Amino acid sequence: MWSLGITLLELAHGEPPLSELHPMKALFQIPYRNPPTLNEPSKWTPAFAEFIGLCLKKDPKQRASIATLMDHPFVHNNLQPVSILVGLVARYLVAKSAADAAEQQEPEEDKTEEETKADALRDKSEHE
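So, here's what we can say about the structure. Only a predicted model underlies this, so the values are computations on that prediction, with no experimental measurement involved.

### Things to note about the nonpolar core
Of all hydrophobic cores here, the largest spans 15 residues; its most connected members are Leu38, Phe48, Phe51, Ile52 and Leu56. Counting residues per element, the ones that place at least two in this core are α1 (2-13), α3 (46-55) and α5 (73-76). At 5 residues, α1 tops the list of elements feeding residues into this core. With residues up to four places along the chain from it excluded, the contact list for Phe51 reads Leu4, Leu8, Leu69, His72, Phe74 and Val75.

### A look at the pattern of salt bridges
Counted under the stated rule, the structure contains 1 salt bridge. Between Asp100 and Lys96 there is a salt bridge, and its shortest N-O distance comes to 3.1 Å. Pair noted here: Asp100 and Lys96 are both in helix α6 (residues 84-105), with a separation of 4 residues, about one helical turn.

### Re unusual backbone geometry
The phi angle at Leu18 is positive, at roughly 65 degrees, despite the residue not being glycine. Residue placement: Leu18 occurs in the loop between α1 and α2 (23-29). With a relative accessible area of 15%, Leu18 lands in the buried category.

Parameters and conventions
- Residues numbered from 1 in each chain as written.
- Predicted model: local features only at pLDDT ≥ 70, side-chain atom pairs only at ≥ 80, totals over all residues.
- Heavy atoms only, no water.
- Core = buried A, V, L, I, M, F, W, Y, C linked by side-chain atoms within 4.5 Å.
- Buried < 20%, exposed > 50% of the residue type's maximum accessible area, 1.4 Å probe, protein only.
- Helix = DSSP H or I, 4+ residues; strand = E, 2+ residues; numbered from the N terminus.
- Contact = heavy atoms within 4.5 Å.
- Salt bridge = Lys/Arg side-chain N within 4 Å of Asp/Glu carboxyl O.

The values are spatial; any link to function lies outside them.
If you want it as structure tokens, here you go:
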């Protein structure tokens with residue numbers, strides 16, 4: 001649940017909490033700081049802020065269960081049919097196909113040394 005709350009904050013802010021710190025320093029500070037919250041709560045619905053707060057309880061025993069979160073208004077008020085993903089996946093596959101085709105047409109001399117080595121390793125592993 002903690003990771004879900006952190007992921008939601010990252011999506012809202014564009015970066016994870018404590019991103020201004022070196023990752024190791026951030027890890028050591030997490031236990032001593034209050035749980036992170038939305039920087040500008042007024043930009044978000046109260047249900048979203050509450051949902052994040054339920055995920056980010058310091059004591060894991062006090063965090064909401066998945067069953068509780070699935071019944072939360074933030075989830076219920078934003079449910080979309082699974083079919084909405086079909087269009088998104090289709091757009092992704094078209095974009096990926098176009099990017100792959102463009103990469104295939106890229107002349108060898110434009111590749112970096114790392115890309116050339118990666119291609120060689122990939123070719124070698126495919127033939128083994």
